[in-house]
Amino acid sequence: ARSRGAAGAALLPSMLMFGVILASSGLLLMIERGILAQVGPPPPQPPAGPWRRDGRHSPAELELEVLRDTRNRTIRALCGQRSMPRSVWELPPGQRRTVLRHLLVSDKYRFLYCYVPKVACSNWKRILKVLDGALESVDVKGKMDHQSDLVFLGDMKPEEISYRLKHYYKFLFVRNPMERLLSAYRNKFGEIKEYQQRYGVEIVRRYRKNAGNSAGDDVTFSEFLQYLLDEDVERMNEHWMPIYNLCQPCAVRYDFIGSYERLHADASHVLEHIQSPSFVRFPERQAWYKPVTAETLHYYLCNTQRRLIKELLPKYILDFSLFAYPLPNITSEFCRQ
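Here's what I pulled together on the structure shown here. (Residues numbered from 1 in each chain as written. Predicted model: local features only at pLDDT ≥ 70, side-chain atom pairs only at ≥ 80, totals over all residues. Heavy atoms only, no water.)

### Here we look at the overall build of the protein
The test is simple: Only DSSP runs of H or I reaching four residues or more are called helices, and only runs of E reaching two or more are called strands; each is numbered from the N terminus. Only protein chains enter the accessibility calculation, which uses a 1.4 Å probe; a residue is then buried when its area is under 20% of its type maximum, exposed when over 50%, and partly exposed in between. By the convention used here, residues are in contact when the closest approach between their heavy atoms is within 4.5 Å. Note on areas: Shrake-Rupley, 1.4 Å probe, and residue coverage restricted to the protein chains presented here.
Across its full length, the protein carries 16 helices and four strands. Buried positions account for 49% of the 337 residues belonging to the protein. Look at the contacts in the protein between residues 6 or more apart in sequence, and 69% of them connect residues 24 or more apart. Total accessible area on the protein stands at roughly 17600 Å², and carbon and sulfur atoms take up 50% of it.

Next up, the structure:
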């Protein structure tokens, strides 16, 4: 591992990331050999278990602490590498623009939130608008405006950016990478005409022999994954760009990383930490929303060419490794279930 780490330090920053993961966890080696059989399905995330009366942690709380400790240790190991960025100013201009464009600011409550599409970011934006007085309630109906009444760190001067990065509470929320991709696929190509026309038509034209006059609303999951495989990560749409590239956890030292699997409990933790008013709560899921279930993810993954999934995993390997998500199980035995 040491020799591999030393060799990785000489690579370009983008390649160094993969070298670090290869040395620390062997995930890429597993992908290369196709050894996914030993990687089980994602374990259920522990609920926000209560404290025991004797003052000790409950088993659920202990499991959560292990998960968070794993994430923190992995992030420290990766970000401690000599060639990794220590601040946003060390990032290439394109990467710096991306992360600053995804950091939302609340000067009133002194926090920065890195929003990640398909990880409940619309509800967090509602909360920011309520906290800043631009919205009366998080339950106000209507389409979410993702730009107005929001303050982005990228719109500020360098000295203002540096001050907030140093002194404000910083957090983000993460999600299982494959589940997030499936959510983006179902939403954008199944419901949003703009995405069907802008991306869907091109995907069908590029990967289907008999494309015909497709309107882009019939993109298959396999075609979508092939498109991602051929895309430059830095040029990806934010809805399927890896979380690492969106939020740069090495250049921005986040105080808290919540998860989609424990959304309400982790959101409550953040709201309590920033001392938000008691009437501000994380919104309940909308009745029309169709979540990605474990069964749905299982169906899509097991009906997709294994080659596609295995070749795509390296592009999202940092999201799997840094945020402690297991690789997808696509073995024949599991898929027969």
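### Some remarks on the pairing of strand β3 (residues 169-174)
Our working definition: A pair of strands is considered paired only if DSSP assigns at least 2 bridges between the two.
Of all six residues that make up β3, six are buried, and the element is covered over most of its length. Alternating positions in β3 separate into two faces, Tyr 169, Phe 171 and Phe 173 on one and Lys 170, Leu 172 and Val 174 on the other, with burial throughout. Relative to β3, strand β2 (residues 111-114) runs parallel, the two sharing four bridges. When the bridges of β3 are listed, Leu 112 appears paired with Lys 170.

### Side note on the side chain of Asn 123
Here Asn 123 is to be found in helix α6 (residues 121-131). Sequence-distant contacts of Asn 123, defined by excluding residues within four places in its chain, comprise Phe 282 and Pro 283.

### Some words on the packing of aromatic side chains
The description of an aromatic ring pair rests on the distance of the ring centres and on the angle between the ring planes. Operational definition: For Phe, Tyr and Trp, where Trp contributes only its six-membered ring, two rings pair if their centres lie within 6.5 Å, and the inter-plane angle classes them as stacked under 30 degrees, edge-to-face over 60, or tilted in between. Both a distance and an angle decide whether a charge sits over a ring: NZ of Lys or CZ of Arg must be within 6 Å of the ring centre and within 35 degrees of the ring normal.
By the definition in use, this model includes 25 aromatic pairs. Between Tyr 169 and Phe 171, the aromatic rings sit 6.1 Å apart at their centres with planes inclined by 35 degrees, giving tilted as the arrangement. A relative accessible area of 0% places Phe 171 in the buried class. Ring centres of Tyr 299 and Tyr 300 lie 5.7 Å apart, and the angle between their planes is 90 degrees; this geometry places the pair in the edge-to-face category. In this structure an aromatic cluster arises from ring pairing among Tyr 185, Phe 189, Tyr 195, Tyr 199, Phe 221, Phe 224, Tyr 227, Trp 240, Tyr 299 and Tyr 300. Between the NZ or CZ atom of Arg 71 and the centre of the ring of Tyr 325, over which it lies, the distance is 5.5 Å. Note that Arg 175 overlies the ring of Tyr 260, its terminal NZ or CZ placed 3.9 Å from the centroid.

### Here we look at the sheet that holds strand β4 (residues 256-259)
In sheet architecture, strand pairing relies on hydrogen bonds along the backbone and comes in two forms, parallel and antiparallel. How we decide: Working convention: axes come from line fits to C-alpha atoms, limited for helices to the stretch in contact. Angles between N-to-C directions cover 0 to 180 degrees.
With mixed pairing, the four strands of this open sheet are ordered in space as β1-β2-β3-β4. Among the strands making up the open sheet, the edge pair consists of β1 (103-106) and β4. Sheet twist, expressed as the average angle between the axes of neighbouring strands with direction ignored, equals 25 degrees. Along the sheet, helix α12 (residues 263-273) contacts β3 and β4; its crossing angle with β3, the most-contacted strand, is approximately 170 degrees.

### Structural notes on the packing of helix α8 (residues 177-190) against helix α9 (residues 193-207)
Our working rule: Each angle receives one of four descriptions, namely roughly parallel if under 35 degrees, roughly antiparallel if over 145, roughly perpendicular if within 65 to 115, and oblique otherwise.
Look at α8 against α9: their axes get within 8 Å of each other, and the N-to-C directions meet at 105 degrees. One finds that α8 runs roughly perpendicular with respect to α9. Across the interface between the two elements, Lys 188, Phe 189 and Gly 190 from α8 touch Tyr 195, Gln 196, Tyr 199, Gly 200 and Ile 203 from α9.

### Focus: the pairing of β2
Residues Phe 111 and Tyr 113 point to one face of β2 and Leu 112 and Cys 114 to the other, with burial holding for every one of them. Note that β1 and β2 share four bridges and pair antiparallel. In the sheet register, Leu 104 faces β2, and the bridge partner there is Tyr 113. Counted along the chain from β1 to the antiparallel partner β2, the turn is four residues long, and its residue Arg 110 has a positive phi close to 55 degrees.

### Quick notes on the packing of α8 against helix α10 (residues 221-230)
Stated formally: A crossing counts as left-handed when the near helix is turned anticlockwise from the far one by less than a right angle, and as right-handed when that turn is clockwise. Throughout, the ten residues Ala, Val, Leu, Ile, Met, Phe, Trp, Tyr, Cys and Pro are labelled nonpolar, Asp, Glu, Lys and Arg are labelled charged, and all others, Gly among them, are labelled polar.
As a packed pair, α8 and α10 sit with axes 11 Å apart at the nearest point and diverge in direction by 115 degrees. Judged on the interaxial angle alone, α10 and α8 are roughly perpendicular. As α8 runs across α10, the sense of the crossing is right-handed. On α10, the residues that touch Leu 181, Leu 182, Tyr 185 and Phe 189 of α8 are Phe 221, Phe 224 and Leu 228. Taken together, the residues that form the contact of α8 with α10 break down as seven nonpolar, no polar and no charged.

### Comments concerning the state of the cysteines
Here a disulfide denotes one covalent bond, and it connects the sulfur atoms of two cysteines. Counted only if it meets this: In this description, the term disulfide denotes a pair of cysteine sulfurs within 2.5 Å.
The tally for this structure, following the rule as stated, stands at three disulfides. Note on cysteine connectivity: Cys 114 is disulfide-linked to Cys 247, with sulfurs 2.0 Å apart. Disulfide Cys 114 to Cys 247: torsion about the S-S bond roughly -95 degrees, handedness left-handed. Taken together, the residues Cys 114 in strand β2 and Cys 247 in helix α11 (residues 243-247) connect sequence positions 133 residues apart.

### Brief notes about the side chain of Glu 179
Mapped onto the fold, Glu 179 is located in helix α8. The class for Glu 179 is buried, based on a relative accessible area of 14%. Excluding residues that lie within four positions of it along the chain, Glu 179 makes contacts with Tyr 260, Val 292 and Leu 297.

### Some points on unusual backbone geometry
In this structure, Ala 120 is a non-glycine residue whose phi angle is positive, near 60 degrees. Inspection of the secondary structure puts Ala 120 in the loop between β2 and α6.

### A few points about the pattern of salt bridges
The line we're drawing: By definition here, a salt bridge exists when the distance from a side-chain nitrogen of Lys or Arg to a carboxyl oxygen of Asp or Glu is within 4 Å.
Under the defined criterion, the tally for this structure stands at 12 salt bridges. The partner of Asp 69 in a salt bridge is Arg 73, and the shortest N-O contact between them spans 2.7 Å. Of this pair, Asp 69 and Arg 73 both sit in helix α4 (residues 59-79), separated by four residues, roughly a single helical turn. Using a relative accessible area of 35% as the deciding quantity, one classes Asp 69 as partly exposed. Each of the salt bridges in this network shares a partner with another, and the network as a whole consists of Arg 68, Arg 262 and Asp 266.

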